[in-house]
2 protein chains.
Amino acid sequence: MRDVARLAGVSVATASKALNGQPQVRASTRERVMQAASQLDFSPNTHAQALITQRTGTVGLLTSDLEGRFSIPILMGAEDAFGTDQTSVFLCDARGDSIRERHHLRALLSRRVDGLIVVGARPDSRPSLGRDLPVPVIYAYAPSEDPADLSLVSDNEGGGRLAVDHLIRCGRRRIAHITGDATYGAAQDRARGAVDRLAEEGLEVAGGEVWFGMWSEAWGRGATRMLLERCPDVDAIFAGSDEIARGVVDVLHEERLDVPGQVAVIGYDNWTILGANARPPLTTIDLNLEQLGRVAAQRLFAAIGGTLGSGVEKFPGKLVTRESTAPLR
Amino acid sequence: MRDVARLAGVSVATASKALNGQPQVRASTRERVMQAASQLDFSPNTHAQALITQRTGTVGLLTSDLEGRFSIPILMGAEDAFGTDQTSVFLCDARGDSIRERHHLRALLSRRVDGLIVVGARPDSRPSLGRDLPVPVIYAYAPSEDPADLSLVSDNEGGGRLAVDHLIRCGRRRIAHITGDATYGAAQDRARGAVDRLAEEGLEVAGGEVWFGMWSEAWGRGATRMLLERCPDVDAIFAGSDEIARGVVDVLHEERLDVPGQVAVIGYDNWTILGANARPPLTTIDLNLEQLGRVAAQRLFAAIGGTLGSGVEKFPGKLVTRESTAPLR
DNA sequence: TTGTAGGCGTTATCAG
DNA sequence: CTGATAACGCCTACAA
């Protein structure tokens, strides 16, 4: 910056003020400084700035979600809420290892990040990073076990309702639910939402039970076969994930059942690579993770000075309509 | 650090030396300082360190690969080559927008990253960031257009050979190749590798041509139907991506052809969610992106002082055997 | 409106 | 072996 100042014929202090848009500098002076800066391709050293202002304009995103399936949308939401030139994000993957997580945490604190977003590997509650960290922390996707922390999660119960509601609007009455691992809170919540919505309509889940199993295509296939045996006249299947839904439509095809003519299918997650390529493309519930990321960023930003609040905030999912559902003729 | 020094009863300078493992400090003194530090939960301010050492221990990963399909493995490779506590990575997604890319670049330079890894959206060459950046830059996955830059890419021609070689070893002779968009260099390279390897065996590609089309399941299905019509006795299909491979096995099923009993199928990319869930699970070529990331990190590290070299380095893919290929009985 | 001076938290260079 | 002291690059009272 010394060079810029010299080139503009002012002192370093004035150059700084000019560059930072402080009002107490003559327009012509500012102009000269700006010119000099761009001529020298000057870019301020953020570390020096951080030292003075105690703000780094960086945020840590600590994830355990190997494939980046959930972290990436959250990252992107956060990125555009912060604004490209305001805040940069450190992405760290702990790979499900709590030792590694502590390491990353130390590193991030050493780098004096202004805040932390923690994204768990699965949508169940996870251990808190602790109460007395020097920066605000937001848990996204997977809530913290500690109710004193602030967590932002997707509303799975609402999503389940949404899915079933859509199927009902399509005129379906014999609606089954095939979903993943019963030990996942998300599976339970989605199922509860689905069952509740059915009950409001005076309906029970087709096949007499929710089919819990695994988050895989293979389970989607197996469960569908069992379901068809027990309940051959099912007219809609709500799958707990897009993977499962892929398995479901696969078997429906094998059985020469038309989708959505005879059986409508709806997935969950909006994992585009799976859903949009399916035959037919899958209607699904989008988790709205970008929004989660955006809100996380806003909350973090707002909390820089003050405090963060606590508890678990739920965000509604979003129905994405493709061709695997349609009104009955 | 002042507090640490005080608590240990030494000067700030000595505390610094003790903490940084400098030899010129008595063991007992070091011990006291370390204790004080951990007692106060001290973590050094990296910005102050950066200011003085001119090294930040950060790297920018600039990507345009929305879904993180390619960036994430590269990031992970880089992360573990750097070592968790040595270097942190800024992940920036330019979303295919060159304006946004410039913004991110400015921000990263302002943050004085020690180096840059650029990951393109598709495996064809992309514009260079420029020759006179103040930090070393490595292009990964997608090479730079400027031969003066250093690029690390996956060897698609070799991958094509690898795939066909495997099919030949399985005793297949009538081998077809269905792949994606012909405007992709990767598609051309993989095809060339495949055709060459076939030629070495005195074979031609089954169906008389390589089927270029799109990187989608739908194209995989369509092309397979056409192929079967023209060449019903095909005994192996090399798909240019796992997506395409999914479409291929789908239609083979429809036609009651056993995979791999009658037709072996091999994909490309090792996109686990697609390949491992397929029926049967897909043999495929892994791009080895983690290795790319690791090597990028090492080169960057080595280049901090000196210079980087230039040109395009190719990395071999890796055969991942699952159940969609097997020797002919 | 502009310039001077002090300091942010470290490390490095010297003297002791 | 330890401790002053001067940077590193910038911001910000305060003085001119």
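Because the structure is predicted, anything quoted here is derived from the model rather than measured.

Draft legend 1. Geometry of the protein's contact with DNA strand D. Around DNA strand D lies a shell of 24 residues, among which S16(A), Q49(A), T14(B), K17(B) and T29(B) are the nearest. Taking all atoms of DNA strand D within 4 Å of the protein, the share assigned to sugar and phosphate is 70%. T29(B) places a side-chain nitrogen or oxygen 2.5 Å from a phosphate oxygen of DNA strand D. Partitioned by chemical class, the residues of the surface near DNA strand D number 11 nonpolar, 10 polar and three charged.

Draft legend 2. Looking closely at unusual backbone geometry. Cis rather than trans, the peptide bond between V259(A) and P260(A) has omega equal to 5°. Within the element layout of this structure, P260(A) appears in the loop between helix 10 (242–254) and strand 8 (264–266). With an omega dihedral of -5°, the bond running from R279(A) to P280(A) counts as a cis peptide bond. Relative to the helices and strands, P280(A) resides in the loop between helix 11 (272–275) and strand 9 (284–286). A positive phi is found at R256(A), a non-glycine position, where the angle reads about 60°. If you trace the backbone, R256(A) turns up in the loop between helix 10 and strand 8. Of note, Q54(B) is a non-glycine position whose phi angle comes to about 65°, a positive value. Assignment of secondary structure puts Q54(B) in the loop between helix 4 (46–53) and strand 1 (58–63).

Draft legend 3. A look at the packing of aromatic side chains. In total, this model carries nine aromatic pairs over all chains according to the counting rule given. Taken together, a centroid distance of 4.3 Å and an interplanar angle of 20° make the contact between F70(A) and Y141(A) stacked. One end of the pair, F70(A), is in the loop between strand 1 (58–63) and helix 5 (71–82); the other, Y141(A), is in the loop between strand 4 (137–140) and strand 5 (150–154), and 71 residues separate them in sequence. Judged by its relative accessible area of 6%, Y141(A) falls in the buried class. Sitting over the ring of Y184(B), R122(B) keeps its end group 3.7 Å from the ring centre. The ring of Y268(B) carries R190(B) above its face, with NZ or CZ at 3.8 Å from the centroid.

Draft legend 4. Region of interest: the domain arrangement of chain A. Examined at the domain level, chain A breaks down into domain 1 (2–44), domain 2 (57–154 + 288–315) and domain 3 (156–287). Here the C-alpha centroids of domain 1 of chain A and domain 3 of chain A sit 62 Å apart.

Draft legend 5. Structural detail: the interface of chain B and chain A. In this assembly, 54 residues from chain B lie in contact with 54 residues from chain A. Together, H47(B), R111(B) and R279(B) form the three largest contributors to the area buried by chain B at its contact with chain A, with a combined 15%. For the pair chain B and chain A, the interface holds 12 salt bridges. Note that E254(B) and R279(A) form a salt bridge whose closest N and O atoms lie 2.5 Å from each other. Joining chain B to chain A, the criterion identifies 32 residue pairs in polar contact (both at pLDDT 80 or more). Those elements giving two or more residues to the side of chain B that touches chain A turn out to be helix 4, helix 5 (71–82), strand 2 (88–93), helix 6 (98–110), helix 9 (217–230), helix 10 (242–254) and helix 11 (272–275) of chain B. Take the side of chain B that touches chain A: its biggest share by element is seven residues, from helix 6 of chain B. Among the residues making up the side of chain B that touches chain A, the classes are represented as 18 nonpolar, 16 polar and 20 charged.

Draft legend 6. View of the relation of the copies chain B and chain A. Turning chain B through 180° and shifting it by 0.1 Å along the axis lays it on chain A, with an RMSD of 0.0 Å. Expressed as an axis order, the relation between the two copies is that of a two-fold axis. When the interface residues of chain B are mapped onto chain A, 100% of them again fall at the interface, so both copies present the same face.

Draft legend 7. The nonpolar core, seen in detail. Formed by 86 residues in total, the largest nonpolar core has its most connected members in I117(A), L152(A), F238(A), I117(B), L152(B) and F238(B). Apart from residues lying up to four places away in sequence, I117(B) is in contact with V59(B), G60(B), L61(B), L62(B), A78(B), I138(B), A140(B), A296(B) and L300(B). Residues L62(A), L105(A), L129(A) and L116(B) belong to the second largest nonpolar core, which totals 27 residues.

Draft legend 8. Highlighting helix 7 (residues 156–169) of chain B. Residues and elements named next belong to chain B. Taking 1.5 Å per residue as the helical rise, helix 7 with its 14 residues ought to reach 20 Å, and the 20 Å between its terminal C-alpha atoms agrees with that figure. Every buried residue belonging to helix 7 is among N156, G159, G160, A163, V164, D165, H166, L167 and I168, and all of these are buried. The residue sitting at the N-terminus of helix 7 and contributing the capping side-chain oxygen is D155; that oxygen lies 3.2 Å from the backbone nitrogen of E157. One or two residues past the end of helix 7 sits G171, with phi positive at roughly 85°.

Draft legend 9. Quick peek at the protein's contact with DNA strand C. Close to DNA strand C lie 26 residues, the nearest being T14(A), K17(A), T29(A), I52(A) and S16(B). Counting only atoms of DNA strand C within 4 Å of the protein, the fraction found in sugar and phosphate groups is 62%. Here a phosphate oxygen of DNA strand C and a side-chain polar atom of T14(A) are 2.8 Å apart. Residue assignment for the surface near DNA strand C shows that the elements contributing at least two residues are helix 2 (12–19) and helix 4 (46–53) of chain A together with helix 2 (12–19) and helix 4 of chain B. Considering only residue class, the surface near DNA strand C consists of 12 nonpolar, 11 polar and three charged.

Draft legend 10. Just the pairing of strand 3 (residues 115–119) of chain A, in detail. All names here are of chain A. The element strand 3 is largely enclosed, with a buried count of five among its five residues. Alternating positions in strand 3 separate into two faces, G115, I117 and V119 on one and L116 and V118 on the other, with burial throughout. Examined bridge by bridge, strand 1 and strand 3 share five bridges and lie parallel to one another. Within strand 3, the position partnered with G60 by the bridge is L116. As paired strands, strand 3 and strand 4 are joined by four bridges and run parallel to one another. Following the sheet pairing, L116 is matched in strand 4 by V137.

Draft legend 11. Here's a closer look at the environment of E290(A). Residues and elements named next belong to chain A. With respect to the helices and strands, E290 occurs in helix 12 (residues 289–303). Sequence separation between E290 and P73 is 217 residues, and the spatial gap between their C-alpha atoms is 5.1 Å. Here E290 is in contact with P73 and G77, once residues within four sequence places are set aside.

The rules behind each value
Residues numbered from 1 in each chain as written. Chains lettered and ligands numbered in written order. Predicted model: local features only at pLDDT ≥ 70, side-chain atom pairs only at ≥ 80, totals over all residues. Heavy atoms only, no water. Near = heavy atom within 4 Å. Polar contact = N/O pair within 3.5 Å; in protein donor to acceptor, adjacent residues only side chain to side chain. Nonpolar A, V, L, I, M, F, W, Y, C, P; charged D, E, K, R; others polar. Helix = DSSP H or I, 4+ residues; strand = E, 2+ residues; numbered from the N terminus. Phe/Tyr/Trp six-rings, centres within 6.5 Å; stacked < 30°, edge-to-face > 60°. Buried < 20%, exposed > 50% of the residue type's maximum accessible area, 1.4 Å probe, protein only. Lys NZ or Arg CZ within 6 Å of the ring centre and 35° of its normal. Domains from an automatic or database assignment. Contact = heavy atoms within 4.5 Å. Buried area = accessible area lost by both parts, 1.4 Å probe. Salt bridge = Lys/Arg side-chain N within 4 Å of Asp/Glu carboxyl O. Least-squares fit on C-alpha atoms with pLDDT ≥ 70 in both. Core = buried A, V, L, I, M, F, W, Y, C linked by side-chain atoms within 4.5 Å. Expected span 1.5 Å × (residues − 1). Pairing = 2+ DSSP bridges.

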